[in-house]
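Each chain is listed here by its residues.
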Amino acid sequence: MENIEKREQLYEGKAKKVYATNDPNLVIVDYKDDATAFNGEKKGTITGKGVINNVMSNHMFQLLEQQGVPTHFVEQLSERETLVKKVSIVPLEVIIRNAGSFAKRFGVEEGIVFDEPTIEFSYKNDELGDPLMNAYHAIALKAATREEIETIKAMAFKVNEVMKQYFDTLNVILVDFKLEFGKTADGKIVLADEISPDTCRLWDKTTKEKLDKDRFRRDMGGVEEAYQEIMKRARSA
Ligand code: TMP
């Protein structure tokens, strides 16, 4: 993309900053090394995370585009910066689980593998602590229309199929992950935000070692090493 100029900062989130550009339909996301957990209560830095999440996310989005999933991705600009389509984020966190990371909620063992993936939504609202919501709640609150929810569900399950296969080639189990969707100026739903070890639970297939942000959330140590390990496997795939 020629002649793109970075303009004013529009927004600073917990893990990324967003900048305007000279094109009203495009923005630049800038990935930080900042890490938070439990709705921002726990704060820290994961050195090198911003670069890894930027590169990994872009790799996933390009793979998904090839498989027919529309995303906000346009072009990587630098180690930490990517040009994306400007969207209004649908205020739903969409979570797919292939295995029982919600073990505590239902009293089952962590890691129990489901016959079919599950999907759930959280209302994207930090003040309320992102409460769990169902499709009827989302429609009632005008977070999304019924049609948009159907589109989002179909896209999320497709993303799961593509990503599960991809991580399998890295000897990694995709336990669960969180997606966010956005609406472009012309009303099209596209996959947005990021797909990275911040937003996925990734376990080594052989050892079941955690290679994701749970190491930070649960003070397990080896956080940077886990991100680097995933990056190393992705690069050599
Ligand atoms: P959960 O089991 O805590 O609900 O998390 C499900 C998945 O979503 C897991 O892969 C981590 C990811 N996630 C986020 O990306 N952002 C969040 O704020 C939370 C709570 C989870």
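Our subject in this report is the structure included herewith. Not measured: the values here are computed from a predicted model.

Scoring rules and cut-offs
Sequence order as written defines the numbering, with residues in each chain counted from 1. With pLDDT at 70 or above as the cut-off, local features in this predicted model cover only qualifying residues; side-chain atom pairs require 80 or more to be listed or tallied, and sums for whole chains, interfaces and linings still use all residues. Excluding hydrogens and water, the side-chain values take into account all heavy atoms of the structure. By the criteria applied, helices consist of DSSP H or I runs no shorter than four residues and strands consist of E runs no shorter than two, each listed in order from the N terminus. The size measure is the radius of gyration over C-alpha atoms, and the globule rule it meets is 2.2 Å times the number of residues to the 0.38 power. Only heavy atoms enter the contact rule, under which two residues are in contact if any of them lie within 4.5 Å. When charges are tallied, Lys and Arg are placed among the positive residues and Asp and Glu among the negative ones, while His and the ends of the chain are skipped. Throughout, a charge is located at the NZ atom of Lys, the CZ atom of Arg, the CG atom of Asp or the CD atom of Glu. The working definition used for a salt bridge is a side-chain nitrogen of Lys or Arg within 4 Å of a carboxyl oxygen of Asp or Glu. Type-normalised accessible area, obtained with a 1.4 Å probe on protein chains alone, sets the label of each residue: buried when under 20%, exposed when over 50%, and partly exposed for intermediate values. Being near a molecule or strand, for a residue, comes down to having at least one heavy atom within 4 Å of it. Pairing of N or O atoms within 3.5 Å defines a polar contact, subject to two protein rules: one partner must be a possible hydrogen donor and the other a possible acceptor, and residues neighboring in sequence count only if both atoms are side-chain atoms. Only the protein chains shown count as covering a residue, and every accessible area follows the Shrake-Rupley method with a 1.4 Å probe. When the centres of two rings from Phe, Tyr and Trp lie within 6.5 Å, Trp using its six-membered ring, the rings pair. Their planes under 30 degrees apart give stacked, over 60 give edge-to-face, and anything left gives tilted. Both a distance and an angle decide whether a charge sits over a ring: NZ of Lys or CZ of Arg must be within 6 Å of the ring centre and within 35 degrees of the ring normal. To estimate the expected span of a helix, count its residues, drop one, and scale the result by 1.5 Å. Nonpolar cores are built from buried Ala, Val, Leu, Ile, Met, Phe, Trp, Tyr and Cys residues. Side-chain atoms within 4.5 Å join them into one set.

**A closer look at the overall build of the chain**
Stage number 1. The number of helices and strands found in the chain is six helices and 14 strands.
Stage number 2. Since a compact globule built from 237 residues should have a radius of gyration of about 18 Å, the 17 Å found for the chain is in line with a globular shape.
Stage number 3. Considered along the principal axes of its C-alpha atoms, the chain spans approximately 50 × 40 × 35 Å.
Stage number 4. Excluding contacts between residues fewer than 6 apart, the proportion of contacts in the chain whose partners are at least 24 apart in sequence is 55%.
Stage number 5. Treating the 35 positive side-chain charges of the chain as one cloud and the 41 negative ones as another, the clouds have centres 2 Å apart.

**Topic: the pattern of salt bridges**
Stage number 1. Scanning the model with the defined rule gives 30 salt bridges in all.
Stage number 2. Asp 176 is paired through a salt bridge with Arg 97; the nearest N and O atoms lie 3.5 Å apart. One end of the pair, Asp 176, is in strand S12 (residues 172–183); the other, Arg 97, is in strand S9 (residues 92–99), and 79 residues separate them in sequence.
Stage number 3. A salt bridge links Arg 218 to Asp 214; its shortest N-O distance comes to 3.4 Å.
Stage number 4. The class for Arg 218 is partly exposed, based on a relative accessible area of 38%.
Stage number 5. Residue class for Asp 214 comes out buried when judged on its relative accessible area of 1%.

**Quick word on the site of the ligand**
Stage number 1. If you check the shell around the ligand, you find Ile 95, Arg 97, Asp 176, Phe 177, Lys 178, Asp 198, Thr 199, Cys 200, Arg 201 and Arg 217 and nothing else.
Stage number 2. In the environment of the ligand, an oxygen atom lies 2.5 Å from a nitrogen or oxygen atom belonging to the side chain of Asp 176.
Stage number 3. If the ligand stood free it would expose 450 Å²; the protein chains cover 71% of that surface.
Stage number 4. For the shell around the ligand, the secondary structure elements donating two or more residues are S9, S12 and strand S14 (200–204).

**A short note on the packing of aromatic side chains**
Stage number 1. Tallied over the entire structure, the rule returns one aromatic pair.
Stage number 2. Considering the side-chain rings of Tyr 166 and Phe 167, the 5.2 Å spacing of their centres and the 70° angle between planes classify their relative orientation as edge-to-face. In terms of burial, Tyr 166 and Phe 167 fall into one category: buried.
Stage number 3. Lying across the ring of Tyr 19, Lys 6 places its NZ or CZ 4.0 Å from the centre.
Stage number 4. When the ring centre of Phe 216 is taken as origin, the NZ or CZ atom of Lys 42, which lies over that ring, is 5.3 Å away.

**Structural notes on helix H1 (residues 49–66)**
Note that an α-helix has 3.6 residues per turn; residues three or four places apart therefore point the same way.
Stage number 1. Taking 1.5 Å per residue as the helical rise, H1 with its 18 residues ought to reach 26 Å, and the 26 Å between its terminal C-alpha atoms agrees with that figure.
Stage number 2. Along H1, the residues that are buried comprise Lys 49, Gly 50, Val 51, Ile 52, Asn 53, Asn 54, Met 56, Ser 57, Asn 58, Met 60, Phe 61 and Leu 64.
Stage number 3. Taken from the residues just after H1, Gly 68 is the one with a positive phi, measuring 90°.

**Some points on the nonpolar core**
Stage number 1. One finds Leu 92, Val 159, Met 163, Phe 167, Leu 179, Phe 181 and Ile 195 to be the most contacted residues of the largest nonpolar core, which totals 48 residues.
Stage number 2. Sort the elements by how many residues they give to this core and helix H4 (residues 146–169) lands first, with nine residues.
Stage number 3. Ignoring anything within four residues of it in the chain, the contact list for Met 163 reads Met 60, Leu 174, Phe 177, Ile 195 and Cys 200.
Stage number 4. Val 18, Val 27, Tyr 31 and Val 84 belong to the second largest nonpolar core, which has five residues in total.

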